[in-house]
Structures are given as structure tokens and as C-alpha cells.
Amino acid sequence: MHIHLINPNTTAGMTATIRDAGIAIAASGTRVTASQPDSGPVSIEGHFDEAISAVGVTEEIMRMDRESPADAYVIACFGDPGLLAAREITRAPVIGIAEAAFHMAALISTRFSVVTTLGRTVIIAEHLLDQYGFSHQCRRVRAAEIPVLDLEDDGDRALEKIIEESCRARDEDGIGAIVLGCGGMANLTETISREVGLPVVEGVTASVKLAEALVGLGLSTSKVGDLAFPRAKTFTGQFSHLSGL
Ligand SMILES: NC(=O)NC1=NC(=O)NC1=O
């Protein structure tokens, strides 16, 4: 099977980190590829960045479905930008890394905390916990206070801060697991788990395994109801190429 990972920001180095983590966890019969939009924010650190990146996510899925259809797609940003829009435009399963990580964490612990990047993105994870129905199992969404691209540009310091915040969560939150709240943390799982002494759930790897499960079960995105393909209509301006889809 073929799983395609989409990094919604436009930083190729982070796409490579995401891709390598996906390849490392994939089953022997699974081919993992990855891409990022040509246009959009170099990092996603708030509501505005999320909104802009969602267009790039949907464009990438439409491009792949035209050129090299995948059996499943993963949106590899912890805000799950464009998730439902993406599910409208393809038959393949589409998994957001936040939703995947919450499901996996809920299967191995009764209480977990999330450690994400900047404090201003905490509310985004909190909104998703509420939307997906995991608020009662998440004790707290914490921020290591690192800009997203520091994960690429200042990795050692970023790792140190994530471990520090994860240890505070372990000691203060009464939890059994940690969820990593950024696609750029995809290569840090084992190190953090070893240093903190708790199971660590990371969304990219969780998404790949969930995608394998869905495809293996022969399940795809329902085209009945709200996730049916969009109604054909005219789009104007920079989106005119979407007319009549
Ligand atoms: N909370 C986050 O840091 N989300 C993210 N921003 C990105 O650019 N990628 C993420 O996963």
C-alpha cells in the first residue's frame, strides 16, 4: 500500500523528518512518500497560518490523486489543518496527526498531557481535543515555548525544552502518557520516552499505523453525507482552476 504524508508547512527539511519517521514505522509492504505545498507558511504557529495552510493541503491531495493516487493521506501538522475539507475531496482515508495521537494515547492511558511548541498554539490543540471528544482524558496541553522551526534549526535546545516540559507534565499532571504536539517532533519519540520514563505518542507514526489499519480493513472515506465530493460550482480569481470539479 501507498501512504502519502503531507507537511502543511513549506519547509522541506521538516518534510524530510516527517517522511523518515513514517518510513521507519511503516510495515514492510507499505510505501511512504511525503510532500509539502509550494505556497504557504514556512511554519504553522497559529490560526492564520492554519487557515492559509489548509488550502495547500487540499491542493496537494488533489495533485496526488491526479498524478499518483495514495491509498491514504496523512496531514502532518498538529492542528490537522483542512482535515474535513481533505476528506471531502478524496475517497482515500485522510488522517490528522492530532486526531491519531489522541486516539492512540487514549488506548494506553486514562490520562495524558500534550506537549506542543508555542503557547499561542495550545488553544488549537484544546479545540481539537473538544472536537474529537478527548477533553476528559487530556489533563493539560503544555507548550515547550519553542518556535516550530527551532526543531530544525536548533534541535538540541528544542529537545531539551520539550523534555523539561514533559518531565513537568509527568510530575504534576497525574498522567500515564505524553502526546507530542508537532509534526516536527516525529523523530524525537524514543529519546523523550527514555528521558521522561513515560510512553510517548507521536502523531505522524500513529497516523501511519492507523492508515495501514484502515486500508487493511478496506475502509475509505464515506461519500455519503457531508464528506461527499463538493458540489460543482464556479470558483473565481486564484481558485478559478477549481471550477466544476
Ligand atoms: N503546534 C504546532 O507546532 N503545529 C505545527 N506547526 C507546524 O508547522 N507543524 C506542526 O505540526
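Residues numbered from 1 in each chain as written. Predicted model: local features only at pLDDT ≥ 70, side-chain atom pairs only at ≥ 80, totals over all residues. Heavy atoms only, no water.

**Let's talk about the site of the ligand**
All residues in the neighbourhood of the ligand are listed as Asn-9, Ser-43, Ile-44, Cys-77, Phe-78, Thr-116, Thr-117, Thr-121, Val-148, Gly-181, Cys-182 and Gly-183. A distance of 3.0 Å is found between an oxygen atom of the ligand and a backbone nitrogen or oxygen belonging to Phe-78. Separating an oxygen atom of the ligand from a side-chain N or O atom of Thr-117 is a distance of 2.8 Å. For the ligand, whose unbound accessible area comes to 300 Å², protein coverage reaches 97%. A breakdown of the residues in the shell around the ligand according to their chemical character gives 5 nonpolar, 7 polar and no charged. (Near = heavy atom within 4 Å. Polar contact = N/O pair within 3.5 Å; in protein donor to acceptor, adjacent residues only side chain to side chain. Areas by Shrake-Rupley, 256 points an atom, 1.4 Å probe, with all protein chains shown as cover. Nonpolar A, V, L, I, M, F, W, Y, C, P; charged D, E, K, R; others polar.)

**Topic: the packing of helix 4 (residues 97–108) against helix 5 (residues 122–132)**
Direction vectors running N to C along helix 4 and helix 5 enclose 60 degrees, while the axes themselves pass 10 Å from each other. Where helix 4 crosses over helix 5, the two elements pack in a sense that is right-handed. Between helix 4 and helix 5, the residues in contact are Ala-98, Glu-99 and Phe-102 and Ala-125, Leu-128, Leu-129 and Tyr-132, respectively. Partitioning the contact of helix 4 with helix 5 into residue classes produces 6 nonpolar, no polar and 1 charged. (Axes fitted to C-alpha atoms, helices over the stretch in contact; angles between N-to-C directions. Helix = DSSP H or I, 4+ residues; strand = E, 2+ residues; numbered from the N terminus. Left-handed = near helix turned anticlockwise from the far one by under 90°. Contact = heavy atoms within 4.5 Å.)

**Observations regarding the packing of aromatic side chains**
A full pass over the atoms with the stated rule returns 4 aromatic pairs. Ring centres of Phe-78 and Phe-102 lie 5.7 Å apart, and the angle between their planes is 90 degrees; on these two criteria the pair is classed as edge-to-face. Residue Phe-78 is located in the loop between strand 3 (72–75) and helix 3 (83–89), and its partner Phe-102 is located in helix 4; the two are separated by 24 residues in the primary sequence. Residue classification places Phe-78 among the buried positions, given a relative accessible area of 6%. Given a relative accessible area of 0%, Phe-102 falls into the buried group. With 6.1 Å between their ring centres and 55 degrees between their planes, Phe-102 and Phe-134 make a pair best called tilted. (Phe/Tyr/Trp six-rings, centres within 6.5 Å; stacked < 30°, edge-to-face > 60°. Buried < 20%, exposed > 50% of the residue type's maximum accessible area, 1.4 Å probe, protein only.)

**Description of the sheet that holds strand 3**
Pairing is parallel in the open sheet, where 4 strands are placed in the order 2-1-3-4. Single-partner strands in this sheet number two, and they are strand 2 (31–35) and strand 4 (94–96). Adjacent strand axes in the sheet meet at a mean angle of 20 degrees when their direction is disregarded. When strand 3 meets strand 4, the two strands line up parallel, connected through 3 bridges. From the neighbouring strand, Ile-75 faces strand 4, where its bridge partner is Gly-96. Lying over the sheet, helix 2 (residues 47–67) contacts strand 1 (2–6), strand 2, strand 3 and strand 4, oriented at roughly 150 degrees with respect to strand 1. (Pairing = 2+ DSSP bridges.)

**Overview of the nonpolar core**
One finds Phe-78, Phe-102, Phe-112, Leu-151, Ile-162, Val-179 and Ile-192 to be the most contacted residues of the largest nonpolar core, which totals 72 residues. In this structure Phe-112 touches Phe-102, Ala-105, Ala-106, Leu-129, Phe-134, Gln-137, Cys-138, Arg-139, Arg-140, Ile-175, Ala-177 and Val-179, once residues within four positions along its chain are discounted. (Core = buried A, V, L, I, M, F, W, Y, C linked by side-chain atoms within 4.5 Å.)

**Side note on helix 4**
Between its first and last C-alpha atoms helix 4 spans 17 Å; for 12 residues at 1.5 Å apiece the expected length is 16 Å, and the two agree. For helix 4, every residue scored as buried is listed here: Ile-97, Ala-98, Glu-99, Ala-100, Ala-101, Phe-102 and Ala-105. (Expected span 1.5 Å × (residues − 1).)

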